[in-house]
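The chain contents come next:
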Amino acid sequence: MDLSNFTTHQNLEAAFGGESMANRKYLFFADVARKLGFADLAKLFRETAEQETQHAFAHFVLLHPELVVEDPTALTEEQKREIMSRCLSLAVEGETYEYTTMYPEFAAAAQKDRDNPATEEFLKQAKESADHANIFREAAHRFGLLKFVENYHADRYAEALEVLNGGKAAPKAAGDDAKTRKWICKVCSMIYDPIAGDPDSGIAPGTPFEQIPDDWHCPICGASKKSFTLLEEKIAA
């Protein structure tokens, strides 16, 4: 397909984004329906989500025809690596954008919304002012945390690309010092850094993970403290 038409290219990206969002949204609805005992509706949402996935795939194929694999057996090992290299490069690009641009900008905007005097004054007049302020605060906090998660994702993809191209994975190990070693959520990859702590959750900077109360939960996905494991980081040369 000729994507020289800039508008069509933008429309394909928008369609892919819309179908992708619909997929995740319907899966969320399916989970809600399941929890509430509406098995038939849960099934409906899951089936529709899968259909939206196929719609998204159809758009993505037009955006990236170089990734279409019709007959894997007809490809050389080099061609297979080239395709996977392209996949990993796109993944690195996306995650890098998220942690260098998207989430930092979102965090700044949320902070601005929270601290805007006019907004605060208006919210004081409204019954739900506390709820709004908390939403802004939580958004700023979450966007800030996600910046580090996407950085972690980008690093993993970059390393996978390096290995795919014949390189070696860098040796990693968890830190020995409880005051500085990091922990990672196995559910969403949120990284707890004891140096920064989690002030918005009442955890002061400098608090080792082991000293966090057992009822603390991941500020991104809500997973329990037990869902965290030591983060292995690259060993400095």
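Residues numbered from 1 in each chain as written. Predicted model: local features only at pLDDT ≥ 70, side-chain atom pairs only at ≥ 80, totals over all residues. Heavy atoms only, no water.

**Observations regarding the packing of aromatic side chains**
Inspection of every chain in the model, using the stated rule, returns 11 aromatic pairs. Relative to Trp216, the ring of Tyr192 has its centre 5.8 Å away and its plane inclined at 70°; by these criteria the two rings are edge-to-face. In this pair, Tyr192 is assigned in strand β3 (residues 191-192) and Trp216 in the loop between β3 and β4 (228-230), connecting sequence segments 24 residues apart. Using a relative accessible area of 0% as the deciding quantity, one classes Tyr192 as buried. (Phe/Tyr/Trp six-rings, centres within 6.5 Å; stacked < 30°, edge-to-face > 60°. Helix = DSSP H or I, 4+ residues; strand = E, 2+ residues; numbered from the N terminus. Buried < 20%, exposed > 50% of the residue type's maximum accessible area, 1.4 Å probe, protein only.)

**Observations concerning helix α1 (residues 6-35)**
End to end, α1 covers 44 Å across 30 residues, agreeing with the expected 44 Å (1.5 Å per residue, within 8%). All of the buried residues in α1 are Leu12, Glu19, Ala22, Asn23, Ala30 and Ala33. Where α1 is buried, its residues meet α2 (39-63). In the stretch just after α1, Gly37 is the one whose phi turns positive, near 90°. (Expected span 1.5 Å × (residues − 1). Contact = heavy atoms within 4.5 Å.)

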